[in-house]
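Each chain, letter by letter, is given below.
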Amino acid sequence: MNFSQSLLGPAGAQQRRAIAKSITLLESTRADHRTQADALLTGLLPHTGKAFRLGISGVPGVGKSTFIEALGLYLIAQGNRVAVLAIDPSSTVSGGSILGDKTRMEHLSVHPQAYIRPSPSSGTLGGVAARTREAMLVCEAAGYDVVIVETVGVGQSETAVAGMTDMFVLMQLPNAGDDLQAIKKGVMELADLVVINKADLDAAAATRARAQITSALRLFGHHGHPSHADALRAAHAAPGSPEAEVRFWQPQVIQMSALRGTGIDGFWAAVTQFRSLQTANGKLATRREKQALAWMWERIDAGLKQAFRQHPQVRELLPQAIAQVAAGTLPASTAARNLLSAHAGQA
């Protein structure tokens, strides 16, 4: 299954099929498919890295799909090709996913300059799918200028998208809570840009939310995300000092209405400013390097867990250990140590 030639070729139906088949291959759990997927990614790697990776997160109902469609159509009008990787939550009961994001993006999904791929989260924590990073590389190799990752509707801990994109955008509703709630949100301190959507519904609430979130982001600048703290230090550095000469991005809060299409140009202006600043000060390259290493260790962890479960002695002892832990006759920690010892050949 070599899709590289079609994938790296001209845009069109043949390339779209190659992208779809490549991502399907990446998402396969079969051992032979994983070997083929590794070879495919290695071949594509020299053609990646030119796209801008944008992560979009927010609570269910905040309007992520509507916003992404409006943004995608705006970017296409500017001459860009846009890829959207939409992650759909998988049922904890049946394991299935609706994968209905294309239905919400009815205009963008049929545009020849856009590619939308819905994928199930399949139990992966963090609001994204296990192969989202690899799917991003496929889209980049195919020549898409902007790759957007839309997470499942998040609470406070689904922050994995911030660790795989160049810019993390958090969408909020006008009535998202008070100052304390803004500070409590775990995703807030990772956000590079906060968008208050549906601002047209209640202008006063949107203005109030903007002030509260701006205050929370300022606090995080002192005690939170290291890159945000860099911006604060540079802003307060002595004029003419080396630290004051380097410009850093300071998280912003903007209001808009995706449904009415207002504020899209302002949003993209902020993204463009972020990209220029972070490229100039080297933060963008550093961020990608750290993400690549984190991805490597994450895959190692996943591989070790799979190898552990497939170990002959572990497979032999596992049913009894599960039964004993379930019956309350063996502590879970003791069972874990016994199984790890069996895997290490010490049993």
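Here the structure is a predicted model, which means the values were calculated and not measured.

Participant: Which parts of the structure should I look at to understand the pairing of strand β3 (residues 114–120)?
Facilitator: Regular strands place their side chains on alternate faces of the sheet. In terms of burial, β3 is a largely internal element, six of the seven residues being buried. Strand direction decides the pairing type here: strand β2 (residues 82–88) and β3, joined by seven bridges, are parallel. Along β3, the bridge assignment pairs Val84 with Ile116.

Participant: It is not clear to me how the packing of helix α3 (residues 31–44) against helix α6 (residues 132–141) should be interpreted in this structure. Could you clarify?
Facilitator: Packed helix pairs are characterised by how far apart their axes lie and by the angle those axes make with each other. Viewed as axis vectors pointing N to C, α3 and α6 meet at an angle of 45°, and their least axial separation amounts to 10 Å. Of the possible angle classes, the one that applies to α3 and α6 is oblique. As for the relative orientation of α3 and α6, their crossing is left-handed in sense. In this structure, α3 contributes Arg34, Leu41 and Leu44 to the contact, and α6 contributes Glu134, Leu137, Val138 and Ala141. Here the contact of α3 with α6 is built from residues that sort into five nonpolar, no polar and two charged.

Participant: I keep staring at the packing of helix α13 (residues 312–327) against helix α14 (residues 332–343) and nothing clicks. Help me out?
Facilitator: Two elements in contact, α13 and α14, have axes whose closest approach is 10 Å; the angle formed by their N-to-C orientations is 175°. When the axis of α13 is compared with that of α14, the two are roughly antiparallel. Contacts between α13 and α14 involve Gln313, Val314, Leu317, Leu318, Ala321 and Val325 from the former and Ala332, Ala335, Leu339, Ala342 and His343 from the latter.

Participant: Could you clarify how one ought to interpret empty space enclosed by the protein in this entry?
Facilitator: The probe, sized like a water molecule, is rolled over the atoms to show the empty space still left. Counting across every chain of the model gives three cavities of 30 Å³ or more. Here the second largest cavity defines a volume of roughly 50 Å³. Looking at the second largest cavity, it is lined by ten residues, and the ones nearest its centre are Glu27, Ser119, Arg131, Thr132 and Ala135. Of all the elements in the fold, those that place two or more residues in the lining of the second largest cavity are α2 (13–27), β2, β3 and α6. Across the lining of the second largest cavity, the residue classes tally to five nonpolar, two polar and three charged.

Participant: How should the packing of aromatic side chains be read in this particular structure?
Facilitator: For any two aromatic rings, the description comes down to two numbers: the centre-to-centre distance and the angle of the planes. This structure, assessed with the given rule, holds three aromatic pairs. Taken together, a centroid distance of 4.9 Å and an interplanar angle of 90° make the contact between Phe67 and Phe267 edge-to-face. Taken together, the positions of Phe67 in helix α4 (residues 64–77) and Phe267 in helix α11 (residues 264–280) put the pair 200 residues apart, joining distant regions of the chain. This pair shows no difference in class: Phe67 is buried, exactly as Phe267 is. Relative to Phe274, the ring of Trp249 lies with its centre 5.4 Å away and its plane at 85°, an arrangement referred to as edge-to-face. Note that Trp249 is positioned in the loop between α10 (242–245) and β7 (252–255) and Phe274 in helix α11, a separation of 25 residues in sequence. The same class applies to Trp249 as to Phe274, namely buried. Between the NZ or CZ atom of Arg81 and the centre of the ring of Tyr144, over which it lies, the distance is 4.0 Å.

Criteria and thresholds
Residues numbered from 1 in each chain as written. Predicted model: local features only at pLDDT ≥ 70, side-chain atom pairs only at ≥ 80, totals over all residues. Heavy atoms only, no water. Buried < 20%, exposed > 50% of the residue type's maximum accessible area, 1.4 Å probe, protein only. Helix = DSSP H or I, 4+ residues; strand = E, 2+ residues; numbered from the N terminus. Pairing = 2+ DSSP bridges. Axes fitted to C-alpha atoms, helices over the stretch in contact; angles between N-to-C directions. Parallel < 35°, antiparallel > 145°, perpendicular 65-115°, else oblique. Left-handed = near helix turned anticlockwise from the far one by under 90°. Contact = heavy atoms within 4.5 Å. Nonpolar A, V, L, I, M, F, W, Y, C, P; charged D, E, K, R; others polar. 1 Å grid on protein atoms, 1.4 Å probe; cavity = no way out; pocket = protein on both sides within 12 Å on 5 of 7 lines; lining within 4 Å. Points joined across faces, edges and corners; volume = space filled by probe spheres on them. Phe/Tyr/Trp six-rings, centres within 6.5 Å; stacked < 30°, edge-to-face > 60°. Lys NZ or Arg CZ within 6 Å of the ring centre and 35° of its normal.

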